Amino acid sequence: MNTLQLIESFSSIQGEGPYIGYRQLFLRLAGCNAACIFCDTSESRGIPATCMLEQTPGQRDFTVLPNPVPVDALAHRVNHLSKAGHHSVSITGGEPLCQSEALLQLLPLLQGRIYLETNGTLPEELAKVLPYIDIVSMDIKLPSTSGREYWQEHHRFLTLASQKEVFVKIVVSSLTGEGEFLEAIHLISSVDVMLPLILQPVTHAALAIETERIVKWQERALDYLPNVRVIPQTHKYLGVL
Ligand code: SF4
């Protein structure tokens, strides 16, 4: 059956990375294969009985539907809503590639650009849907906050994703260590030194990092990569979803 486990769909402003400020139609998929200690969408890691769909872009007039959602009906709805000035459809989570089979059904039905937000740990699943993706926002998960090492998965993932437009995001926190940070930088440079890297200061207050340390991390990254930017999350500051 062609269905998908959804948390919510809504129209909002992209709050992270180089596409910050663009209007997007977000599809937040349920489920995740990781357990990061700073997770800001922990409600997305499980599979809820119902999901919420915004009726009018940006108006928060949600209706509640049972999960799972039929893929063709969801595509019809997204195509209708995303017409109104949206830069792209952001497929986010959770980890959306946990539902790669459902995405394989959904993505060919969607119109416009597809922007994938992913933890970058499921390369085999990415390979299935990559032809339908335009922009990949890939995290590199550092062991200090993810609790395990994903270096091999990240390398295979980034190698595949680099066939498309891709940028890498690393969340830096008070726990970030020199060894793991440099491992991530070397991983990126081994695929393509020109890939953009975004350093995102953690939003989780208990793990907050001082500005001086962020500047130091950027300098370390710039020793190997020419395109490194520090971009904090803005959607929480703006009070949007
Ligand atoms: S990968 Fe994303 S959704 Fe999953 S636990 Fe980490 S931060 Fe949360």
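Residues numbered from 1 in each chain as written. Predicted model: local features only at pLDDT ≥ 70, side-chain atom pairs only at ≥ 80, totals over all residues. Heavy atoms only, no water.

Undergrad: Explain the site of the ligand to me, and be specific about the residues and the numbers.
TA: Taken together, Cys32, Ala34, Ala35, Cys36, Cys39, Thr41, Arg45, Gly94, Asn119 and Lys141 are the residues near the ligand. Residue composition of the shell around the ligand, by class: 5 nonpolar, 3 polar and 2 charged. (Near = heavy atom within 4 Å. Nonpolar A, V, L, I, M, F, W, Y, C, P; charged D, E, K, R; others polar.)

Undergrad: Please give an account of the UniProt feature "binding site: Mg(2+)" (unreviewed entry) in the protein that cites residues and values.
TA: In the numbering adopted here, UniProt assigns the feature "binding site: Mg(2+)" (unreviewed entry) to Thr41. Take Thr41: it is sitting in the loop between strand S3 (23–29) and strand S4 (50–54). (UniProt positions renumbered as here; feature names shortened; annotations may be inferred. Helix = DSSP H or I, 4+ residues; strand = E, 2+ residues; numbered from the N terminus.)

Undergrad: Tell me about the UniProt feature "binding site: S-adenosyl-L-methionine" (unreviewed entry) in the protein, and name the residues and values.
TA: UniProt's entry tags Phe38, Cys39, Asp40 and Gly94 with the feature "binding site: S-adenosyl-L-methionine" (unreviewed entry), counted in the numbering of this structure. Spanning 57 residues, the annotated positions come together in the fold, the maximum distance between their C-alpha atoms being 12.9 Å. Topologically, Phe38 is positioned in the loop between S3 and S4. Among the secondary structure elements, Asp40 is positioned in the loop between S3 and S4. For Asp40, a relative accessible area of 39% puts it in the partly exposed group. (Buried < 20%, exposed > 50% of the residue type's maximum accessible area, 1.4 Å probe, protein only.)

Undergrad: Go over the packing of aromatic side chains, please, and point to the residues and values.
TA: Where two aromatic rings form a pair, the distance of their centres and the angle of their planes describe that pair. Using the criterion set out here, one finds 6 aromatic pairs in the structure. Plain terms: the ring middles of Tyr19 and Tyr22 are 5.7 Å apart, the flat faces sit at 45° to each other, and that makes the pair tilted. Its relative accessible area of 13% is what places Tyr19 among the buried residues. Residues Tyr115 and Phe167 carry aromatic rings whose centres are separated by 6.4 Å and whose planes lie at 50° to one another, so their mutual orientation is tilted. Of this pair, Tyr115 sits in strand S8 (residues 114–118) while Phe167 sits in strand S10 (residues 165–172), and the two are 52 residues apart along the sequence. Through a chain of ring-to-ring contacts, three or more aromatic side chains come together here, namely Tyr19, Tyr22, Tyr115 and Phe167. (Phe/Tyr/Trp six-rings, centres within 6.5 Å; stacked < 30°, edge-to-face > 60°.)

Undergrad: Residues and numbers for the side chain of Ser82, please.
TA: Note that Ser82 resides in helix H1 (residues 71–82). Excluding residues that lie within four positions of it along the chain, Ser82 makes contacts with Leu25 and Val89. (Contact = heavy atoms within 4.5 Å.)

Undergrad: Let's hear about the sheet that holds strand S2 (residues 6–13): which residues, and what values?
TA: With mixed pairing, the 10 strands of this open sheet are ordered in space as S5-S4-S2-S3-S7-S8-S9-S10-S11-S12. The sheet is open, and its two borders are formed by strand S5 (62–66) and strand S12 (228–230), each paired with just one other strand. Here the strands of the sheet are splayed against their neighbours by 20° on average, with no regard to which way each runs. Two strands pair when backbone bridges link them, and S3 and strand S7 (residues 88–92) are joined in this way by 5 bridges, in the parallel orientation. Directly across from Gln24, in S7, lies its bridge partner Ser88. Here helix H5 (residues 151–161) sits on the sheet in contact with S8, strand S9 (135–139) and S10, set at roughly 165° to S9. (Pairing = 2+ DSSP bridges. Axes fitted to C-alpha atoms, helices over the stretch in contact; angles between N-to-C directions.)

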